[in-house]
Amino acid sequence: MPSYDRSVALWEEAKRHLAGGVSSNVRYASAPVPLFFARGEGARLYDVDGNVHIDYILGNGPAILGHAPPAVLKAVAESLADGQVFAAQHERELALAQALTRLIPGAELVRFATSGTEAVHMAFRIARAFTGRRKIVKFEGHYHGWTDQTYISVRPSLNEAGPASEPVAVPESPGMAPGALDDVLVLGWNDLAAVEALFARHGGDIAGVIMEPVMVNGGVIAPAAGYIEGVQRLCTAHGALFICDEVITGFRLGLGGAQGRFGLKPDLSIFAKAVAGGFPLALVAGRRDVMEILLTRNVMHGGTYNGNVQSMAAALAALALLEHDGGAAYRDMERCGTRLMQGLAELGRKHRLPILVQGFPAIFQTFFTTAAAPRHYRESAACDRDMAAAFSRALQEEGIRVNQRSAWFLSTAHDTAVIDETLSAADRAMARLHS
Ligand SMILES: Cc1ncc(COP(=O)(O)O)c(C=O)c1O
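Notes on the structure follow. (Residues numbered from 1 in each chain as written. Predicted model: local features only at pLDDT ≥ 70, side-chain atom pairs only at ≥ 80, totals over all residues. Heavy atoms only, no water.)

A count of helices and strands for the protein gives 13 helices and 14 strands. Rg of the C-alpha trace for the protein: 21 Å, near the compact-globule value of 22 Å for 435 residues, within the 12% margin. Summarising its shape, the C-alpha atoms of the protein cover approximately 60 × 55 × 50 Å along the three principal directions. When the 435 residues of the protein are sorted by exposure, 55% land in the buried category. (Helix = DSSP H or I, 4+ residues; strand = E, 2+ residues; numbered from the N terminus. Rg over C-alpha atoms; globule rule 2.2 N^0.38 Å. Buried < 20%, exposed > 50% of the residue type's maximum accessible area, 1.4 Å probe, protein only.)

Below you can see the structure in the form of structure tokens.
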């Protein structure tokens, strides 16, 4: 059994100085305490107690090239000689905007921000200013950041969430402005008829519909065939904007994100995480006529650190690696991720555990259920979360780091040897679940 004594001691000390001992509440979801890490390299993280973790959390997604990727670090190190933040334009920023408008199908123009949360906030403001309407539609189980208008019905308890046909908008944190809920409409995902009915009732008020094109945060679930296209058609018919939150799927499901993979062209989309290989960067991408209102109507978007030198340098280097050899990195990730998904499913059968492996090779989830594959949040919430958490803990004891709900992020550093080591550890972890 690994020891976490030093992490426990540091956590006790941290709570004396750092509110809650962490810098993001998401980090509470770690056992036995939020762990302290000394360093990361490739697919591995090294904690302060000397435990080595093959990391499938990857900073919640950004480290798509693994930890400390040499080419990205070199580009960032070189950029330091030029300065860090100008709060003004520079050529690396322009070069990155050129690359992104070339790679992202829906990106006629982009605007940089620093975190996904604020980029979503910018997208909402643009959508409201462009349409002159107030309401945003979001879906249960989809996470778009922690602001008052997004941290709604992300993981609602089914007691509070109301009927599936007409979900109640559930605020997920104390302290949220109650008025924020007035302009957000919540629906169950993957149900086109529900979107159609909502537009029939509120069409003239809806500024935009936002979704994760693959619902990753509420269980890794793909859209039903034709669903996203149907939602976008309804948006267009009713004069609302279709907003695709690609904070996780962007540069993970391929160079064009989910929109490239599914053949979509959203009106607005939000990218962050993998785009800069682990450095802080987010952006809104979208239609020229929509994005131009930042200038033509002076729709306010600011941010001191937006376009900072190091994030631009990191993203340029990361994209060069991801684009290299016609996207060979993605082909390798698909191959290794598929090997891992199939291996985990096989191990589940071997250990007679009701494990369902669902998602994409670069991001998938292991559910514990005997039911059919979940299609939306309520079905994913009905899977056995306690078993998923127990599996994550057992994996951690075997040196494999996945998040509490057993979602697995891959990086280009997770090669065949790492996958096979992971499968041996998962074999032992599954055996442990029976004991
Ligand atoms: C889909 C999605 N959107 C938005 C966000 C918010 O991004 P950030 O944590 O950079 O504010 C996240 C974060 O996990 C996310 O997964």
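This part covers unusual backbone geometry. Here the amide bond leading from Ala-31 into Pro-32 is cis, since omega sits at -5°, within 30 degrees of zero. Residue position: Pro-32 is located in the loop between α1 (5-14) and β1 (37-41). Notably, Phe-251 is not glycine yet its phi reads approximately 60°, a positive angle. The class for Phe-251 is buried, based on a relative accessible area of 0%. Of note in the backbone geometry, Asn-298 takes a positive phi value of approximately 50° without being a glycine. As for its position among the elements, Asn-298 is in the loop between α9 (293-296) and α10 (309-350). Exposure remark for Asn-298: the relative accessible area of 63% places this residue in the exposed category.

Below, the discussion takes up the packing of aromatic side chains. Counted by the stated rule, this structure contains eight aromatic pairs. Here the aromatic rings of Tyr-143 and Tyr-151 are separated by 6.1 Å at their centres, their planes lie at 85°, and the arrangement is edge-to-face. By relative accessible area, Tyr-143 is classed as partly exposed at 27%. Its relative accessible area of 25% is what places Tyr-151 among the partly exposed residues. Joined through ring pairs, the aromatic side chains of Tyr-56, Phe-364 and Trp-408 make up one cluster. One Lys or Arg, Arg-39, reaches over the ring of Tyr-46 and ends 4.2 Å from the middle of that ring. (Phe/Tyr/Trp six-rings, centres within 6.5 Å; stacked < 30°, edge-to-face > 60°. Lys NZ or Arg CZ within 6 Å of the ring centre and 35° of its normal.)

Close to the ligand lie Ser-115, Gly-116, Thr-117, Tyr-143, His-144, Gly-145, Glu-212, Asn-217, Asp-245, Val-247, Ile-248 and Lys-273. Thr-117 places a side-chain nitrogen or oxygen 2.6 Å from an oxygen atom of the ligand. For the ligand, whose unbound accessible area comes to 390 Å², protein coverage reaches 83%. Taken together, the residues that form the shell around the ligand break down as three nonpolar, six polar and three charged. (Near = heavy atom within 4 Å. Polar contact = N/O pair within 3.5 Å; in protein donor to acceptor, adjacent residues only side chain to side chain. Areas by Shrake-Rupley, 256 points an atom, 1.4 Å probe, with all protein chains shown as cover. Nonpolar A, V, L, I, M, F, W, Y, C, P; charged D, E, K, R; others polar.)

According to the stated counting rule, one finds 21 salt bridges in the structure shown. Glu-78 is paired through a salt bridge with Lys-74; the nearest N and O atoms lie 3.2 Å apart. Placement of the pair is Glu-78 and Lys-74 together in helix α2 (residues 70-80), with a separation of four residues, close to one helical turn. Salt-bridge contacts for Asp-420 lead to Arg-339; the nearest nitrogen and oxygen are separated by 2.9 Å. Linking Asp-420 in helix α13 (residues 416-434) with Arg-339 in helix α10, this pair joins segments that are 81 residues apart in sequence. (Salt bridge = Lys/Arg side-chain N within 4 Å of Asp/Glu carboxyl O.)

Among the residues making up helix α5 (residues 192-202), those that are buried are Ala-194, Val-195, Leu-198, Phe-199 and His-202. Looking straight down α5, one finds that the buried residues subtend no more than 135° of arc, so they occupy a single side. Residues Ala-193 and Ala-200 are exposed on α5 and point more than 90 degrees away from its buried face. Of the surrounding secondary structure, the elements contacted by the buried residues of α5 are β5 (135-139), β6 (184-187), β7 (206-211) and α6 (227-237). Between a side-chain oxygen at the N-terminus of α5 and the backbone nitrogen of Ala-193 the separation is 3.3 Å; the capping residue is Asp-191. (Arc of directions from axis to C-beta. Contact = heavy atoms within 4.5 Å.)

Take the sheet that holds strand β11 (residues 355-360) next. Strand order in the open sheet formed by three strands is β11-β12-β14, with antiparallel pairing between adjacent strands. Two strands bound the open sheet, and with one partner strand each, they are β11 and β14 (407-409). Between one strand axis and the next, the sheet turns through 20° on average, direction left out of account. Across six bridges, the pairing between β11 and strand β12 (residues 363-368) is antiparallel. Directly across from Gln-358, in β12, lies its bridge partner Gln-365. Running over the sheet, α10 touches β11, β12 and β14 and is turned about 165° from β11. Contacts between helix α12 (residues 385-397) and the sheet are confined to β12 and β14, with β12 contributing the most and set at about 115° to the helix. (Pairing = 2+ DSSP bridges. Axes fitted to C-alpha atoms, helices over the stretch in contact; angles between N-to-C directions.)

Coordinates in, geometry out; function isn't part of it.
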